Amino acid sequence: MENKQRENWGSRIGFLMAAAGSAVGLGNIWRFPYMAGENGGSAFILIYLAFALIIGISIMISEFAVGRRTELSAVGAYQSINRNWTFAGVLGVLSAFFIMGFYPVVGGWALAYILKSVTGLLSNSAAIGDAFGAFITNPIEPLIWMLVFLAMNIAIVAKGIAGGIEKAGKVLMPTLFVLLILIAARSVTLPGAGAGLDFLFKPDFSKVTGATYLAALGQAFFSLSLGMGCMITYGSYLGKSENLASNAFIVTVLDTSVALLAGIAIFPALFAFGMEPAVGAGLVFVVVPQIFAAMGGIGVLFSVIFFVALAVAALTSSVSLLEVVVAYLIDQRKWERKKSVYTAGGIMVVTGILASLSLGVMSGFTMFGVGVFDFFDILTDKIFLAIGGLLLAVFVGWFMDKKDLEDEITNGGTIKFGLFNIWYNLVKYVIPVAIAIVAVMGIMSIEQTGLMLFGLAVIVVLAIFSKKL
Ligand code: PHE
């Protein structure tokens, strides 16, 4: 058991597809468009792009470096370098559990909508909104889809890194790109599509507040799978000859392109059919089907394609979330992979059921004024990931040896990374300060103050008891 060889990715392209698969998910296609819609469109998008490209790439390089250096997943990676930092890894595993609390619920909706697209959903455009409300509040139907979605996750992760996660990514990611490009091409060629492109690309800064910056930062971390040890874990399976910086660059660019592509697929069509952009989480389940309904017969085909793409994107991301927990059980608890997958998956079934029911029969049960689904979502997206990113930057910048980092990122001096010093100073000084400012501004201007303080308290408690973890 002790000397067992660590699992590894089978090929560079396989790793890239798996890492991009983790990054590209509901965050890009479901959440990015409605966040942009709610936060004024292009001003939000510009702030988002700046965060993703500067903070995102730097943190991703850092996570890959920590993971590959230690060959351990989040908790073990922090712990093996500095015991006092164990809590930062634990926070990551906790974040994975929390995101997996609501993510499979939405993944299940996507699966359901593939079928609904061909069983008459589009035949009555006016009823689509009510149908969505009735579906997600139903106590049985969404649960079944969520369970199907979780079962797919469990089946893939049980097969391991190269045989499961990598294989799935290699098939599913190219499929996703092709499907989205098809939809985007249809959308921009509709008459009246120009207004949607304006909305996406002509900035209006009058809608920007402190909360906008926090939303953009949280979205960048969420979308790039950062701040919770996922890329540490994926990095830990990377071969020593891989170029960390260029891989981080490629994954970030792919992820950002898919988010923009999703925007281009949705907003031009939305404006072309005279609909409202700021409709919240229902955007892709209500407005998008309405758009397809307005296209006539061919709309059914596009609808199927769209929801297959959404389900595929969700699946390659949720497997990475499950893997964060599974890798912890394997590395730290020395469990077998199968036992780890079934145990973690089993707990996620329970949290997923609670989150799904919180939208319907359990809606009366709230914590800090929000239901279980929103509790998981807001806590991770607005607090845990950003703070997790901040902790990682401080850890890498101030608690790791600069020489070790240079050695890791240049593969022992065999490859060049001309931007090393810029990256290092960003991670050490600029990013921690930037995240701190955004977090403070955001917390002050956001409604759920109680929930924010609760989230911070959880982190402080973890830190205090870190030695015992
Ligand atoms: N990046 C994924 C998405 O955009 C979500 C995710 C977050 C996956 C954190 C892994 C870790 O949907």
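All values derive from a computational prediction rather than experimental measurement.

Analysis parameters
- Residues numbered from 1 in each chain as written.
- Predicted model: local features only at pLDDT ≥ 70, side-chain atom pairs only at ≥ 80, totals over all residues.
- Heavy atoms only, no water.
- Near = heavy atom within 4 Å.
- Polar contact = N/O pair within 3.5 Å; in protein donor to acceptor, adjacent residues only side chain to side chain.
- Helix = DSSP H or I, 4+ residues; strand = E, 2+ residues; numbered from the N terminus.
- Nonpolar A, V, L, I, M, F, W, Y, C, P; charged D, E, K, R; others polar.
- Patch = residues over 30% accessible without salt bridge, like charges linked within 9 Å, V, L, I, M, F, W, Y side chains within 5 Å.
- Areas by Shrake-Rupley, 256 points an atom, 1.4 Å probe, with all protein chains shown as cover.
- Salt bridge = Lys/Arg side-chain N within 4 Å of Asp/Glu carboxyl O.
- Buried < 20%, exposed > 50% of the residue type's maximum accessible area, 1.4 Å probe, protein only.
- Axes fitted to C-alpha atoms, helices over the stretch in contact; angles between N-to-C directions.
- Parallel < 35°, antiparallel > 145°, perpendicular 65-115°, else oblique.
- Contact = heavy atoms within 4.5 Å.
- Lys, Arg positive; Asp, Glu negative; His and termini not counted.
- Charge placed at Lys NZ, Arg CZ, Asp CG, Glu CD.
- Core = buried A, V, L, I, M, F, W, Y, C linked by side-chain atoms within 4.5 Å.

Caption draft 1: Broad picture of the site of the ligand. Around the ligand, 15 residues are found, and the nearest of them are A23, G27, Y103, F222 and S225. Separating a nitrogen atom of the ligand from a backbone N or O atom of S223 is a distance of 3.0 Å. Breaking the shell around the ligand down by element, the ones donating at least two residues are helix 1 (12-23), helix 2 (26-38), helix 5 (86-118), helix 10 (210-223) and helix 14 (298-331). Along the lines of polarity and charge, the residues of the shell around the ligand split into seven nonpolar, eight polar and no charged.

Caption draft 2: Representation of a nonpolar patch on the surface within the structure. Together, I140, I144, V148 and M152 make up an exposed nonpolar region whose accessible area comes to about 340 Å². Assignment of secondary structure puts I140 in the loop between helix 6 (128-137) and helix 7 (141-158). Judged by its relative accessible area of 53%, I140 is exposed.

Caption draft 3: Inspection of the packing of helix 2 against helix 3 (residues 42-70) at higher detail. Helix 3 packs onto helix 2 with a crossing angle of 125° between their chain directions and a minimal axis gap of 7 Å. When the interaxial angle is binned, helix 2 and helix 3 end up oblique. Where helix 2 approaches helix 3, its residues F32, M35 and A36 are matched on the opposing element by F44, I45 and Y48. Its residues assigned to classes, the contact of helix 2 with helix 3 shows six nonpolar, no polar and no charged.

Caption draft 4: Summary view of a positive patch on the surface. A contiguous patch of positive charge on the surface is contributed by K159, K167, K170 and K338. With respect to the element layout, K167 can be found in helix 8 (residues 161-188).

Caption draft 5: Geometry of the side chain of S223. Relative to the elements of secondary structure, S223 occurs in helix 10. At a separation of 3.3 Å, a polar atom in the side chain of S223 contacts the side chain of N28. Once residues within four sequence positions are removed from consideration, S223 is found in contact with A23, V24, G27, N28, Y48 and D255.

Caption draft 6: Looking closely at unusual backbone geometry. Its identity is not glycine, yet E71 carries a phi of approximately 50°, on the positive side. Position of E71 relative to the elements: it lies in the loop between helix 3 and helix 4 (74-81). Even without being glycine, N411 reaches a positive phi, approximately 50°. Residue position: N411 is located in the loop between helix 17 (402-409) and helix 18 (420-444). N411 gets classed as buried once you look at its relative accessible area, which sits at 12%.

Caption draft 7: How the structure looks around the nonpolar core. Core analysis: the largest hydrophobic core is formed by 181 residues, its most contacted members being W30, F285 and W423. At 21 residues, the largest contribution of residues to this core is made by helix 14. Non-local contacts of F285, meaning those with residues more than four positions away in its chain, are made with W30, V106, W109, A110, Y113, I128, F132, F307 and L310.

Caption draft 8: Region of the structure containing the packing of helix 2 against helix 5. Packing of helix 2 against helix 5 brings their axes to within 12 Å, and their N-to-C directions diverge by 85°. Between helix 2 and helix 5, the angle is such that the two are roughly perpendicular. Along the contact surface, helix 2 presents L26, G27 and W30, while helix 5 presents F102, Y103, V106 and G107.

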